[in-house]
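Structural characterization, general
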Amino acid sequence: RKAYGSTPRPTQQMIESDTRPGSGQQLDRFAAVRCGELSLRNVCLCCGQTHYIKEEHPLVVGGICAVCIPKFIECAYCFDEDGSQTFCTICADGKEVYLCDSPGCARAYCPLCLEKLCGAELHKEINKAENWLCFMCQPEQASGLFEVQADWHSRLVRLMASDNCQDYQVDRPPTPPAIIERRPLRVLALFDGIGTGMLVLRELGIEVEKYVSSEINPEAVRVARRHHPEIIHVGDVEAITKKQLLEWGPFDLIFGGSPCNDLSMANPQRRGVYEGTGRLFFDYHRLLELARPSRHENRPFFWLFENVVSMRNVDKMTISRFLECNPAVVDAKDVSPAHRPRFFWGNLPGMDRPIVPWPGDALCLQDCLEPHCNRQAKFSKVRTITTKSNSIRQTKSNLFPIQVEGDPLTDEASSEDSIWCTEMERIFGFPPHYTDIGNLSRVSRQRLLGRAWSVPVVRHLLAPLKDYFKLTNTG
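Within each chain, residues carry numbers counting from 1 in the order of the written sequence. Totals for whole chains, interfaces and linings use every residue, but because this is a predicted model, local features are given only for residues with pLDDT of at least 70 and side-chain atom pairs only at 80 or more, for both listing and counting. With hydrogens and water stripped out, all remaining heavy atoms of the structure feed into the side-chain values.

**Remarks on the side chain of Ser213**
The topology assignment puts Ser213 in strand 6 (residues 208–214). One polar contact links Ser213 to Asp192, side chain to side chain, over a distance of 3.0 Å. Here, two residues are considered to be in contact whenever any of their heavy atoms come within 4.5 Å of each other. Aside from chain neighbours lying at most four places away, what touches Ser213 is Ala189, Asp192, Ile231, Ile232, His233, Val234 and Gly235. Per the convention used, a helix needs a DSSP run of H or I reaching at least four residues, while a strand needs a run of E reaching at least two, with both numbered from the N terminus. Definition of a polar contact: a pair of N or O atoms within 3.5 Å, with one able to donate and the other able to accept a hydrogen when the atoms are protein atoms, and with sequence-neighbouring residues admitted only if both atoms are side-chain atoms.

**A word on the confidence of the model for the protein**
With 92% of its residues at a pLDDT of 70 or more, the protein has an overall mean of 87. Averaged over each element, pLDDT in the protein is lowest for helix 1 (residues 12–16) (41) and highest for strand 5 (residues 185–190) (98). Under a pLDDT of 50 for its full length, residues 1–21 has, in the predicted model, 54 contacts with residues more than four places off or in other chains. Per residue, pLDDT captures the predictor's confidence, and it can take any value from 0 to 100.

**Section: the sheet that holds strand 9 (residues 302–308)**
Paired strands, as defined in this entry, are two strands with at least two bridges between them according to DSSP. Pairing within the open sheet is mixed, and its seven strands lie in the order 7-6-5-8-9-11-10. Of all the strands in the sheet, the pair left with one neighbour each is strand 7 (232–233) and strand 10 (328–331). As judged from the five bridges shared by strand 9 and strand 11 (residues 341–346), these two strands associate in the antiparallel manner. Residue pairing across strands places Glu306 opposite Phe344, the latter belonging to strand 11.

**Digging into the pattern of salt bridges**
Here, a salt bridge means any side-chain nitrogen of Lys or Arg that lies within 4 Å of a carboxyl oxygen of Asp or Glu. What the rule picks out here adds up to 24 salt bridges. Linking Arg41 and Glu56 is a salt bridge whose minimum nitrogen-to-oxygen distance equals 3.3 Å. Note that Arg41 is positioned in the loop between helix 2 (23–34) and strand 1 (53–56) and Glu56 in strand 1, a separation of 15 residues in sequence. Arg286 is the partner of Asp283 in a salt bridge, and the nearest nitrogen-oxygen pair spans 3.1 Å. Here Asp283 and its partner Arg286 are both found in helix 10 (residues 280–291), three residues apart, which amounts to about one turn of the helix. Bridged by salt links that share partners, the residues Arg183, Arg186, Asp252, Glu297 and Arg299 form one connected network.

Here you go:
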């Protein structure tokens, strides 16, 4: 794959040598659409077929067939290390792609998709342009058959959350008990990291009777202990037995997100849900089943499981089959300055409701920067911050996201800078210096945050529990 920007863009030769099956037939079908012989909504924009059209394409007006939906779901949130999409935005394929030159856009387009939607001359216009902005960034400039769906974001979320191969009965949320009957919450937090769950429950004002945490990273445990000394740490999730669970319980809420290394499409060496760290999902499932209340117990019981959106569809289907529900898709970008789309499985009430920011939430990068330091954000939103230090850099040009203004009195020139640790904590919704424990290095602190949940997202998901459990005086 070539990242185009400073390097040469695709040529007509590349388009003609596209080796995907049916490329010529695809162009013929789209020519028929231009002549009015076919409706674009009856043609799959990914493969060009006219059979088994299941949905409208979430981003562009047109269809998408049942065969292409799983691959599109797998690749829609798959990004390279430079932050740009690994595969074509439209067809989720393509060996050679154009990259949009807009600083805040990571979309990629294969030459075949652009030709079949916009005509063969578009690549010449792109090659002449010093900076090419894609039609998702400038929908009013779209040409030919390329028409951006007006509500593409909600369509994409619905498609990502849908799974037409598996339908599960959705349990109705239990009836909230009377206020006088509500009691404190008992929590089992698996793969708990730096105690995000406890922090959120405090913010929501839910009284916690017991919080049992399973986490093996010693640095994460140190951070959680500093801020939440009441947490009971029990070590490795694989070592937890039924006897121990009965001793610690009963629990009202179980949540966690197993490591994503072997599930993420971004990892070319991924081993899937049955191997490596992927199989830790089954420890979550094992403990969930052991902790479920028996049928004769009439009490609210909730659970939540999280993992990356960019996983293979077969792994998503496996997790859904074991948990007997389909996931909701929640992206932190709606309540924070960072993109962070995630799958959430669970039985919490209203998981698929729209996510909205709370008063005081930082929605753009500038809101998170240290004040009075002449620091200016070059971007409103940043891409997903991971455990890798280069995930801080933005766009395919690897730009630092902060501009530090110079001082004319001292002739100090302006410069670029990375995101400071306290600023990174604010992006995730943590208080500043939350991970500043025991002289942890910047690299260590980013690794802890890169594995953490976004505080506003978890708060959004857990907020309905306020109707089921006792609140503190501040709740």
